[in-house]
Structure formats: C-alpha cells, structure tokens
Amino acid sequence: MDFKQRITQLRTELNEHNHKYYVLNNPTISDQEFDSLMHELEVLEREHPELDDPYSPTHRVGSDLSQGFEQWNHKRRMLSLGNTYSVAEVEEYVRRCKDGLGGEDFQTVGEMKFDGTSISLHYEHGRLVRAVTRGDGEKGDVVTLNVITIRSIPLELKGTGWPEEFEIRGEIVLPWKEFDRLNAEREFNEEPLFANPRNAASGTIKMQNSAEVARRGLDAYFYYLLGDNLPFDNHYDNMMAAKEWGFKVSESMTLLHSIEDVVEFISHWDTARKQLPVATDGLVFKVNSLRQQLNLGFTAKSPRWAIAYKFQAERALTELKYVSFETGRSGVITPVANLEPVLLSGTIVKRASLHNEDIIRALDIHDHDMVYVEKGGEIIPKITGVNIESRSTTAQRVKFVSHCPACGTPLIRVDGEAAWVCPNRWGCVPQITGRVEHFVGRKMMNIDGIGEETVETLYNRGLISDISSLYHLRAEDLSTLEGWGERSAERVLQGIEQSKQVPFERVVYALSIPFVGETVARRVARAVGNIDALMSMPVEQLTAIEDVGPRIAQSIVEYFGDERNRTIVEKLRNAGVQMAMSEKSNAGRTDILAGKSLVISGTFALHSRDEYKEMIELNGGKNVGSISKKTDYLLAGDNMGPAKLEKATKLGIPIISEQQFLEMIAKTTE
Ligand code: IVH
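What you see is a predicted model, and the numbers here were worked out from it, not measured in a lab. Throughout this description, residue numbers start from 1 for each chain and increase along the sequence as written. Local features in this predicted model are restricted to residues of pLDDT 70 or higher, and side-chain atom pairs are both shown and tallied only at a pLDDT of 80 or more, whereas totals for entire chains, interfaces and linings draw on every residue. With hydrogens and water stripped out, all remaining heavy atoms of the structure feed into the side-chain values.

Caption draft 1: Quick look at the site of the ligand. Definition of nearness: a residue and a molecule or strand are near each other if at least one heavy atom of the residue lies within 4 Å of the molecule or strand. Among the 14 residues in the neighbourhood of the ligand, the closest are listed as E111, M112, E171, Y223 and K286. Interatomic distance of 3.2 Å between a side-chain N/O atom of K113 and an oxygen atom of the ligand. One of the backbone nitrogen or oxygen atoms of F114 is found 3.0 Å away from a nitrogen atom of the ligand. Protein chains bury 91% of the 530 Å² of accessible surface belonging to the ligand in isolation. Think of it this way: any DSSP run of H or I at least four residues long counts as a helix, any run of E at least two long counts as a strand, and we number them from the N terminus. Of all the elements in the fold, those that place two or more residues in the shell around the ligand are β3 (108–114), β8 (219–226) and β10 (280–287). Sort the elements by how many residues they give to the shell around the ligand and β3 lands first, with four residues. Residue composition of the shell around the ligand, grouped by class: eight nonpolar, two polar and four charged. Any N or O atom pair separated by 3.5 Å or less is treated as a polar contact, with the protein-specific requirement of one donor-capable and one acceptor-capable atom, and with residues adjacent in sequence counted only for side-chain atom pairs. For every accessible area listed, the method is Shrake-Rupley and the probe measures 1.4 Å; residues are considered covered only by the protein chains on display. Classification used: nonpolar for Ala, Val, Leu, Ile, Met, Phe, Trp, Tyr, Cys and Pro, charged for Asp, Glu, Lys and Arg, polar for all others including Gly.

Caption draft 2: Local environment of the pairing of β3. Summary of the burial criterion: residues with accessible area below 20% of their type's maximum are buried, those above 50% are exposed, and those between are partly exposed, where the area comes from a 1.4 Å probe applied to protein chains only. In terms of burial, β3 is a largely internal element, seven of the seven residues being buried. Bridge count for β3 against strand β9 (residues 254–256) is three bridges, and the pairing is antiparallel. The partner of V109 across the bridge, within β9, is L255. DSSP calls a pair of strands paired once it identifies at least 2 bridges connecting them. The sheet contact formed by β3 and β10 spans seven bridges and is antiparallel. Bridge pairing in β10 links K113 to G282.

Caption draft 3: Inspection of the packing of helix α1 (residues 3–23) against helix α2 (residues 31–47) at higher detail. Look at α1 against α2: their axes get within 10 Å of each other, and the N-to-C directions meet at 145°. Every pair of crossing elements has a handedness; the one defined by α1 and α2 is left-handed. Two secondary-structure elements touch here, α1 through F3, R6, I7, L10, R11, E13, L14, H17, N18 and Y21 and α2 through D31, F34, L37, M38, E40, L41, L44 and E45. Its residues assigned to classes, the contact of α1 with α2 shows 10 nonpolar, two polar and six charged. Helix axes use the C-alpha atoms of the stretch in contact, all axes being lines fitted to C-alpha atoms, and the angles between their N-to-C directions lie in the range 0 to 180 degrees. The sense of a crossing depends on the near helix, which, turned anticlockwise from the far helix by less than a right angle, makes the crossing left-handed and, turned clockwise, makes it right-handed. We call two residues in contact when some of their heavy atoms are within 4.5 Å.

Caption draft 4: Layout of empty space enclosed by the protein. The definitions used throughout rest on a 1 Å grid laid over the protein atoms alone, on which a cavity is an enclosed set of points accommodating a 1.4 Å probe that cannot get out and a pocket is an open set flanked by protein within 12 Å on both sides along at least five of seven lines; lining residues are those having an atom within 4 Å of a point. Grid points are joined across faces, edges and corners, and a volume is the space filled by probe spheres set on the points. All chains considered together, the criterion is met by one cavity of 30 Å³ or more. Space inside the largest cavity adds up to approximately 90 Å³. Lining the largest cavity we find R425, W426, I432, R435, S465, D466, I467, L511, Y559, N565 and I568.

Caption draft 5: Fine view of the sheet that holds β3. Here five strands make up an open sheet; going across it, the order is β2-β11-β10-β3-β9 and the pairing mixed. The sheet is open, and its two borders are formed by β2 (82–84) and β9, each paired with just one other strand. Shown here is a sheet whose adjacent strand axes are inclined to one another by a mean of 35°, direction ignored. Pairing analysis gives five bridges linking β10 to strand β11 (residues 306–310), with the strands arranged antiparallel. Looking at β11, one finds that V284 is bridged to A308. In the packing of helix α9 (residues 259–272) onto the sheet, the strands contacted are β3, β9, β10 and β11, and the crossing angle to β10 comes to about 165°.

Caption draft 6: A look at the packing of aromatic side chains. Pairing of aromatic rings covers Phe, Tyr and Trp, the last through its six-membered ring, and needs centres within 6.5 Å; plane angles under 30 degrees mean stacked, over 60 mean edge-to-face, and all others mean tilted. Evaluated as defined, the whole model comprises 18 aromatic pairs. Ring plane angle 80° and centroid distance 6.1 Å describe the contact between F298 and W305, whose orientation is recorded as edge-to-face. We classify F298 as partly exposed; its relative accessible area is 43%. Measuring from ring centre to ring centre gives 4.9 Å for Y559 and F560, while their planes differ by 80°; the resulting arrangement is edge-to-face. Accessibility expressed as a relative area gives 5% for Y559, which makes it buried. By relative accessible area, which is 1% here, F560 ends up buried. An aromatic cluster is built from Y123, F166, F222, W245 and F247, whose rings are joined through pairwise contacts. Sitting over a ring, as applied to charges here, requires NZ of Lys or CZ of Arg to be within 6 Å of the ring centre and within 35 degrees of the ring normal. Sitting over the ring of Y372, R315 keeps its end group 4.0 Å from the ring centre.

Here it is as structure tokens:
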C-alpha cells in the first residue's frame, strides 16, 4: 500500500473510532492504540503536506490562529419554539394541532430540549462543508473550524442514503463534567466563572482560538434534518437515519401515539433528566409527519408543529439573614447574601452571590426579606426574586457599603463598571494576603503547603508583608506555627527555593497586575523578554502585543508606575526569581518586527504555521487572524484562500513568501 492509500485508510479508521467513542460511547480499541494510529497519520501528513485535508481527524485539535468569522445567510430561517410551562398547556397544544389538521390523527415525537447553543451544519456529498451559528435567525457566523474540534460531529458521513446536499440542526452543549472542570480551573485562575453550561457553550463556539475550543470538551446533539431530498416523510425516521450516518441523536427521542403517552413522557423526564450528562431545560414535542408539519406551518417566530415544555427551575424560598461584603485580592467588593439554610437540588444552600450594587438595586432587596433562590442550570445559586408580601413594614432597604469592610477606606467606582473597589492596595489586609495566596498558587510560583490560613497567620505575626518577604522566611518562623513541625517547614522552604526556577512568564502572572491573567502574562512575557523592558514599556507598545487591549496596557503601566511595586520586583530579583525569559526561549529574539502585524495564510514547505507564528512573536511582531488596513504583511504560502489574496491586493498590503520572510528576520540575527 502506498502512503496515499495508507493516509486515506488511517483517516477512515480514526473517524470510525471517534464515532464509536464519542457518539456510541462504545470504544473498541484502547486509547493507546488510538493514539498510535493518530501519530502514524500525523507523521505521514507532515511528510506529505500536499495531501493535507482540513477534514483530517488530525485537525480536531484546532489551531491557535485567530479566525475572524465570516457571516452566512441561512437558507431557511432559524426559528425559536413556543413555550409552555404545564402539562395542561401541552394537552391544549395537542388539541390545537388536531384542530389545525382538520381532526386528522397524528403522531408526536417527544425529545429533550438541550440547553446549549444552536448550530446548523451543512453537508455536501457526504462531507461537512460549513457550520453556522444561529446569529439573529437570518444570518449567523461561520464557525466551521471550531465545530471540527467537536469529536462527536461526523466530518464525513457513514452509511448510505444521505441526500447529496442537506442541513442538520442541533445543539452544541458543554457536558456537566467538562463544565465543572472548566469552572474549577477558572476559579483557580481567579477568572470569572461561567454561570451555566449554556453560556459556556455559546462563548466557546465563538472563540477565535480553535485549539482552546478543542480543549474545552464540547459535544453536540442533533434534532432537525432539512433539505429537498430527505429519505423519509417523517421526522422520527429521518433522525434515525441521521443516527446511522454518524450523528449523535438523543436516545430519549420517542414516538408517542396518544396524549397519555405525552403525559407519561413528561412525568418520566421531569426527574430522569437529572441523570443525563448534559443540561436540559425542557422537552420538545413535534408533529412527526412532514406533510402534517407543512399543513400546520409557521407563525412569524416559531413552527406551529412543535412546542417546548419548560422544566420548572428548582427554586426555594428562604430568609435573608444579612448581606455581607467581601474584599478580594484586586480590591473588588462582592456582596454575599447569607441565608437561612435551605435544601435545593440536593445540596444545602447558605450563601448566594448578589454580584454587585446594580443587582441589589434591581431586586430591591430589604433586610430579612423572604427571597427566592434558584439553581436552574447554574452552579452558583442566585437570588431571583423577593416575596414582598412577607416583608415587615419597618424593613430597611439593603444598602451597598460605602467603605471597605476590611479597612474602612472609602470605595470608588470606575465609570462604566459595575464593581465598587477599595483603592487601599497597600494597607487593606485581604488584598495583601490575597496577593500572597495568588503568588504561591500552582499555576504561578507553585509553592506547596501555604494555604489561606498560613498566609494570614504569617501576616498577622509580621513575618510577611508582601510577596517578596516569602523569600526571607526561615525554618524557625514556620516550624513554630500551630500544627507545623520541622518537616513541613522544610518542605515549604524547599518549595520557595524551587520557585526561583519558575519561568518568567509565570512570574509575570504571579505579580497580581490587575487584569493580567495567565494568557496575557504569557503573551506579554514572551513579547518583552525581561522585566526591565516590561517596566519601561509605554501603553502604545504594550497594545501592539496580541491580547493586550488599552485597559490591560494602562493597568501594566500604572502597576510599574508605583514605586512600591518596583521595590517588590527588585527584592524578588535579588532573591533569585526569574526576571527574564530563559536563554533558550530568548535565542533569536529581535525587534525587527516590532509594531508590525502579519497575517499568515496558506500552507508552507519549510516550517509549520505555528512555527511562523512563533518566529513573528520572537521578532517582536504580532500575528493577527484577518487582513485589515492595519496589516503590514501577508505571509503567503501555497493554496491561499482567494478572498484573502484579493483583499490584500486591494488594500496594497505587501505579500511575502516564506523565503522572503526568513530573509527578513535573518538580517537582524547576522
Ligand atoms: S427544534 C424550528 N428540538 O431550543 C424549530 N430545538 O427555543 C427548531 N433546542 O433554537 C428547533 N433542543 O436551539 C428543537 N430537541 C430540540 C431542541 C431544540 C434544544 C433549542 C434550539 C432552538 C431553541 C428554541
């Protein structure tokens, strides 16, 4: 067999195994065997770049390149569904359908209403050609590169009988397991949490970076086949056919023959849905026959042949004991409702976030109000309303604090932002200890054995005053702490010693510069190379770095404008903490492309796209996803999209080949 045949064979086999694993939940080979087939294909594709295919299973891991989404007009509008909230309303709907059909009998299909974000996939000749979001219902964003990373979605169809051209719609969801993992990670990084899997799914599918999408673990269920030559004249059989072609169609999809069946379906799934791996917010009932669907037609907003029955969000009524205000590491004040404990979806809820002052105002919440707590798809319970009837006439409105609850400093609120902030960065204890807790975190300096309580004790005893004093701790300072011995003290000191080897990019993250999270810190560190360059960089140069906007740039400049931060940096430097990218990662660094933005397009013979991206950054430039007036060069490989070429030509942007690019950056290293 020649390499061409082997590549085709590997792609088919890997697609088959993806389907067995992600759709059927029934793998037939071990992960190791799968990885080894994948590796073989990767090697062959690298050796024969001319046979690259965007639909190859190797592309399911996505790419770090920004995309810039194209828009697509939906051939058939993407409508919503009418809602009902009670069994009686569903019964009424069934009666209306029968009337609408002139008394004719009909079958109903009952299915889950998945709580994610809708997607429309277009297939031609058995291949996925396009994935489009709902958008405004008329037109959506083309997110094909992100959708390809969802492994349960077939890129090439299995079996036979599919129309040459069709559309299939479904819901992209983030399974509970992945949602919990993602939020735990975000909590650790002090990034805002996703309120529910729906927000996480819709945010993720619109991300610019498909490699990040691939890491998030999205899944997709399909529920609507559209096209001119569908194999059957009814919805249920069409969906079962789609299942044979490789789509994930919910096992719960059921053909119902009578109103009793419908009622039974509702009462079963009202509780059984809690066992499902993904979030659902209701059930959908559809008239099965396509002819009858056509007869019933559409209203302006939704089909008359389908209805959604929404589950009641789990809600409890309890007393608000008091509202407390907490100051975080960055000085932001969070109001927290402390509640009379109440049982909600199996857990006891005692606290719920009130987010910010605007939310407290909107709820018009008073002391000791009876409040409704909900936990629909949300992981963090929230207060959704107040039972005004049980309010005492003398109850006072809950007021947001005007001074920091920890240090008494008057709070400030930046125009356009919802948060009140304590500006006392240097004297407010939770801010100081919060920064130390952040500094020792696993993704920052990774100093094990120092938790929240230890930081507080060390601070209260005067043993630490900021992050740099960690490096002056002695064994006797630690071993006398309650519950500590020599061994645990030694372990922490070892961790502190080892932290001096932590790469510069994580040091930048560990400094707690407001708005500088893990990714931005990495980008900034790689772009600037060392702390002295970073400390003296003006806003304009900082904003030329990818992912750095004016707010972040301003925050960095303000941070290093403060003498106290500069002193801490000096102390860390003297202690031996890494203040520059290592020799290895610095090798070849120049600023020949400083301030320049380049677009990469097409396939290359000498280096991979990722390597070119790295070279651009290493030489001080910025790699951007789409061509605009601001683009300085288009680095063009083979098979470049005609649209990009045309746009670059029209805007007069210099188009350079890989040889020209390599010569350009070689000049400076001479
Ligand atoms: S059918 C023309 N079936 O709910 C009607 N929609 O509220 C096409 N959804 O935009 C939709 N599960 O994103 C249908 N089993 C299901 C569904 C479902 C979730 C979503 C879909 C739609 C929204 C309408």
